[in-house]
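Observations on the three-dimensional arrangement
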Amino acid sequence: WLVYHKYVIHISLDESLHHLLGCDYIIWSLNGTLIDLHGDERRRLSGGNLIITSLERDQDSGVYQCTASNTRGTILSQRATLQFAYLESFKMQTRSAVNVREGQGVVLLCGTPLHSGELTFTWVFNEYPHFVQQDSRRFISQETGNLYIAKVEPSDVGNYTCVVNNTITKERVFSSPTPLVLRNDGAMGEYEPKIELHFPDTIPAAKGSTLKLECFALGNPVPKISWRRTSDVSFPNKVKLKNSNAILEIPSFQQEDTGTYECIAENSRGKNAARGRMSFHATPHWLQTMTDKSLSIEENLFWECKANGKPKPSYSWLKNGETLISEGRVQIENGALSISSLNLSDGGMYQCVAENKHGIIYSSAELMVLASAPSFSQNPLSRVLKARSGCDVSLDCRPHASPRAISLWKRGTEILQRSERISLFPNGTLKIANVTKRDGGTYTCIAKNQFGTASTTGRLIITEPTRISQGPSSTEITVGESIVLPCQVTADPALDVAFSWAFNGQPIDFHQDADHFERVGGSFSGDLMIRNIQLNHGGKYVCLIDTDVESLSTDAILVVKGPPSPPDLVVVEEVTDSTAQLSWSPGQDNGSPITGYVIQARTPFTVGWQAVDTVPEVINGNTLTATVVGLNAWVEYEFRVLASNSVGMGEPSPPSTKIRTEDAMPDTAPTDVGGGGGTKSELVITWEELQNGEGFGYIIAFRPVGMVTWTRAVISAPSVTRYVFRNDTIPPFSPFNIKVGAFNNRGEGPFSSIATVFSAEEGRVVYWEDDTKPDTVGKVRITGNYTAVNVSGTGPQSVPVNVTTKKPPPGQPPQNVEWNLIGSQLVLQWDPVIALETESEVTGYIVLYRRHRNNDVYSIITNKTSVELTLDPNDNYVIQIKTLSEGGLGEGSEPIHIYQLSMGARGSRAGRLCTLSLSPLLICALSTLSAS
């Protein structure tokens, strides 16, 4: 350590004393002399550490070392050097003036006072704090402290003061000023460089240190400084040049940085050079250290330690802090120590010391010399030993004894001798080859050395070989089934038998996998039950049988068959207005060959996925392409593929990319053509939306009933489903024939069937409740010609008529509508509707159904909660059920749409999943009925 004298120093135990933590005795020495702490008020021990207060440079400087002792021995710590940083003042005496000629070079000496610790130097010009600025002409050496001026100029004349700073104590001292005076005998002429400041011929550098080389020359003109390596090896990037190249800095010095460095000073009058050789040095560090050893008396010790350093370190050995000498049983050769025929006095703490001129290191270890009678307390023979008949048996005799004991074996009272089947080894092991029942019995090992005798006894039981009586067989099984894989053995009653199972090389965890795996059977049975088998349960099953004396195994392959995995990469390759060509990649067949494929499709108008017609009609398992037929024009489709095998139908593939079929001339007319209502002088016509290609629109035709000529209107917006014709000549509530057709860029399609609607009606009924005031009067428009109306307004009121209203019809629609379609017969069933007290009683039900082709509406009235209808399988239907009561028709059930299977279904979200049967019709319950 380098410290300031005001500090308190705490010198700690180092890691080399780790063997003796909990030491009985610790002493410290300074410069090789023991420190007497008795009565010393400045120095004391704390946990083995030395604490010094009120440090004094004269008394406390030097090399410290700790000696630690306990019952195991003594070792020395690493050495620590304590130095004091200080800086004394300059001797205050007048300095002589330095007389120079202009153009001459000069060196102003600092005369550094006595000090310790790193210093930095600056110079003051004339008055503080005007410091000399360094440049190519002026340089302050941080090695000598001197100020170098390569070429004096008139502006340099003045007083110069050297300022010295101690980086540790932060002290600063000033020298007396040195006057610099110009001579009056004229300027000095030009001359070649003269190197006044250069580095030594040999410079030692420690590994990892930062090395700074200084070089400065006087001359006229001012010399330029450059550097090179005499080996012509270029400087690495880490090298830095500072202060106009006067300083060469090499950080993190390494072996490859060694060599001869040259400083070159040059001007127009010539050049000069200085050289120095960089040598690499490193403190010792360990390559191989000692480890603790426990050896028996009379055994031999060998320790070796190895260290590296520059220069190469030398070795010495210590025992309990004292230097060992190579003589007699103790031999020392470099870093190797050997002691032959150990005795008890050789025990203790040993240290290997490696040292060169740059440092010293210690490696410590303990030698324990053991002397004891034999003991089997740690390694007795097992009380019962079991071995399979016909195998080889080894019995170990491993007593703890120092020195090693001599052993013999007995079977019963008979001392065993070597024979063809019996081997006795030097380490005490007894080996019996090809044992039989006759070898069973009691065996005793007796061990003896000069300190005593001990024995250990065990009983050897010879068992019959274990045999597998029934093992698992390789088999095939279907997903979802269960199976028991047998594993049963015939074993000697003296043996403990344990069963375990492995699946594909990994042990089965019966706790974690309890849903599928269970061990069943008795003490000699380890059957494996597998429940609800899945595809991932296929593989190799191994039954492992372990007894006290042997291990056996038996295995089987379980093949699990299941429906095919989903096909992949469904691609639509070609599309027309009614077909789409598809291709796909097969999925895994899961143990059973794929026998066929089914293609499903969906559109924005369908409920869920529907099977579609294909070419070929039946797609076999080897076919990976097909053409879907019977598609609707100008509809967006997605497709997916399902594979089947002998086990069943697999999961569907991911959907294909959405595609739209090509457009075609409309082949159907809009449906639900109707209308009526509106305001005065209006004819309102409505229909259900239909789309079928680019440039789609509607043609609306209408005429008064009885007239021949049709009035036509064209709407080019495909989403518009309502047309209003306004004309003041239209009489109120007048019947009109109407029909609606569709068109697109391909042409016009057919018109719908002619329907009859009425123009807007006119008329008003005034009503009020009995016994109420006139301000509660209400008004309502009515249908018909019961009110006198003209363009001038409403006529006078009629004579009041008293009427009694009925209760309203039930607000609850029929629920839980179920259907079953067999051929063309549709059977509908629903739950009965119970009216509330404020509602009219249900008197029956009306079933309304409309055909798409001619827009005709049919109805059936029944007082039951079921009905049977006969439908045309080549047409589309919409069906709804309502209640009948004195208050009128009740709320309708959710509409049921019935479509041909190859046509896109229309409607909003589905209330139920679609039910498919062998009929070409699809029945879907929709939660709401939309115009689409």
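Every value quoted in this text rests on a predicted model; they were computed, and no experiment measured them.

Across the sheet, which stays open at both edges, the 3 strands sit in the order 49-54-53 with antiparallel pairing between neighbours. Each edge of the open sheet is held by one strand with a lone partner, namely strand 49 (483-485) and strand 53 (517-520). In this sheet, adjacent strand axes meet at a mean angle of 25° when their direction is disregarded. In the sheet, strand 53 pairs with strand 54 (residues 527-530) via 4 bridges, with the strands oriented antiparallel. Counted as the bridge partner of E518 is M529 from strand 54.

Looking now at the environment of Q133. Mapping Q133 onto the fold places it in the loop between strand 13 (119-125) and strand 14 (138-140). Owing to a relative accessible area of 55%, Q133 belongs among the exposed residues under this scheme. Along the backbone, Q133 and T122 are 11 residues apart, and their C-alpha atoms lie at a distance of 9.3 Å. One polar contact links the side chain of Q133 to the main-chain carbonyl oxygen of F131, over a distance of 3.3 Å.

The subject of this paragraph is the pairing of strand 57 (residues 568-575). In this structure, strand 57 lies alongside strand 58 (residues 580-585), joined through 5 bridges in antiparallel fashion. Of the residues in strand 58, the one forming a bridge with V572 is L582.

Another aspect to go through is the layout of surface pockets. Empty space within the second largest pocket amounts to approximately 570 Å³. Of all elements in the fold, only strand 28 (293-296), strand 40 (400-402) and strand 41 (406-411) reach the threshold of two or more residues within the lining of the second largest pocket. Residues belonging to the lining of the second largest pocket are distributed by class as follows: 14 nonpolar, 9 polar and 5 charged.

For the rest of this paragraph, the subject is the confidence of the model for the protein chain. Residues shown with low pLDDT carry predicted positions that ought not to be read at fine detail. In the predicted model, the protein chain carries a mean pLDDT of 87, and 90% of its residues have values of at least 70. Every residue in residues 783-787 scores below 50 in pLDDT, and together they form 7 contacts with partners more than four places removed in sequence or on other chains. Every residue in residues 901-932 scores below 50 in pLDDT, and together they form 100 contacts with partners more than four places removed in sequence or on other chains.

So, about the state of the cysteines. If you walk through the whole model with that rule in mind, you get 5 disulfides. Sulfur-sulfur distance for the disulfide between C215 and C263 comes to 1.8 Å. Handedness here is read from the sign of the S-S torsion; for C215 and C263, about -80°, the answer is left-handed. On the criterion of sequence distance, the pair formed by C215 in the loop between strand 21 (211-214) and strand 22 (216-220) and C263 in strand 26 (residues 259-267) is long-range, its members being 48 residues apart. Across the pair, C263 and C215 agree in class, each one buried. Paired through a disulfide, C397 and C445 show a sulfur-sulfur distance of 1.7 Å. As the torsion about the S-S bond is roughly -65°, the C397-C445 disulfide counts as left-handed. Of the two residues, C397 is situated in the loop between strand 39 (393-395) and strand 40 and C445 in strand 45 (residues 441-449); the sequence distance between them amounts to 48 residues. Accessibility classification places C397 together with C445 in one group, the buried group. By sequence-ordered numbering of the bonded cysteines, the protein chain has its disulfides arranged as 1-2, 3-4, 5-6, 7-8, 9-10.

Moving on, we get to unusual backbone geometry. Residue P221 is bonded to the preceding N220 through a cis peptide linkage, with omega at 5°. You can see P221 is positioned in the loop between strand 22 and strand 23 (224-229). Notably, N126 is not glycine yet its phi reads approximately 65°, a positive angle. Within the secondary structure layout, N126 lies in the loop between strand 13 and strand 14. One non-glycine residue, N590, adopts positive backbone phi at about 55°.

Moving on, we come to the sheet that holds strand 79 (residues 825-829). On the basis of which strands lie adjacent, the open sheet formed by 3 strands has the order 78-79-82 and antiparallel pairing. Two strands close off the open sheet at either side, each with one partner strand: strand 78 (818-822) and strand 82 (866-870). With direction set aside, neighbouring strand axes in the sheet form an average angle of 15°. Note that strand 78 and strand 79 share 5 bridges and pair antiparallel. From the neighbouring strand, I822 faces strand 79, where its bridge partner is Q825.

Time to look at the nonpolar core. In this structure, V393, L395, W409, L430, Y443 and L460 are the most contacted members of the largest nonpolar core, which totals 22 residues. Broken down by secondary-structure element, the contributors of at least two residues to this core are strand 38 (384-388), strand 39, strand 44 (430-432), strand 45 and strand 46 (452-463). The contacts of L395, once residues within four sequence positions are left out, are L381, L385, W409, G428, T429, L430 and Y443.

Its location among the elements puts T74 in strand 8 (residues 73-76). Within polar-contact distance, the side chain of T74 engages the side chain of S69 at 2.7 Å.

This part is about the packing of aromatic side chains. Going through the model one piece at a time under the given rule, you end up with 21 aromatic pairs. Taken together, a centroid distance of 5.6 Å and an interplanar angle of 80° make the contact between Y128 and F131 edge-to-face. Taking the relative accessible area as the measure of exposure, Y128 reaches 49% and is therefore partly exposed. Take F131: its relative accessible area is 24%, and that puts it in the partly exposed class. Centre to centre, the rings of F503 and Y541 are 4.6 Å apart; their planes meet at 25°, and the pair counts as stacked. Separated by 38 residues along the polypeptide, F503 in strand 51 (residues 498-503) and Y541 in strand 55 (residues 539-546) bring together distant segments of the chain. Both residues of the pair, F503 and Y541, count as buried. Linked through ring pairs, Y128, F131 and F174 together constitute an aromatic cluster. Between the NZ or CZ atom of R660 and the centre of the ring of W634, over which it lies, the distance is 4.9 Å.

Moving on, we get to the pattern of salt bridges. Following the criterion strictly, the structure yields 30 salt bridges and no others. The partner of K194 in a salt bridge is E196, with the nearest N and O atoms 3.2 Å apart. Owing to a relative accessible area of 31%, E196 belongs among the partly exposed residues under this scheme. Three or more residues joined by partner-sharing salt bridges are found here, namely R228, D232, E262 and R275.

Conventions used here
Residues numbered from 1 in each chain as written. Predicted model: local features only at pLDDT ≥ 70, side-chain atom pairs only at ≥ 80, totals over all residues. Heavy atoms only, no water. Pairing = 2+ DSSP bridges. Helix = DSSP H or I, 4+ residues; strand = E, 2+ residues; numbered from the N terminus. Axes fitted to C-alpha atoms, helices over the stretch in contact; angles between N-to-C directions. Buried < 20%, exposed > 50% of the residue type's maximum accessible area, 1.4 Å probe, protein only. Polar contact = N/O pair within 3.5 Å; in protein donor to acceptor, adjacent residues only side chain to side chain. 1 Å grid on protein atoms, 1.4 Å probe; cavity = no way out; pocket = protein on both sides within 12 Å on 5 of 7 lines; lining within 4 Å. Points joined across faces, edges and corners; volume = space filled by probe spheres on them. Nonpolar A, V, L, I, M, F, W, Y, C, P; charged D, E, K, R; others polar. pLDDT = per-residue confidence, 0-100. Contact = heavy atoms within 4.5 Å. Disulfide = S-S within 2.5 Å. Core = buried A, V, L, I, M, F, W, Y, C linked by side-chain atoms within 4.5 Å. Phe/Tyr/Trp six-rings, centres within 6.5 Å; stacked < 30°, edge-to-face > 60°. Lys NZ or Arg CZ within 6 Å of the ring centre and 35° of its normal. Salt bridge = Lys/Arg side-chain N within 4 Å of Asp/Glu carboxyl O.

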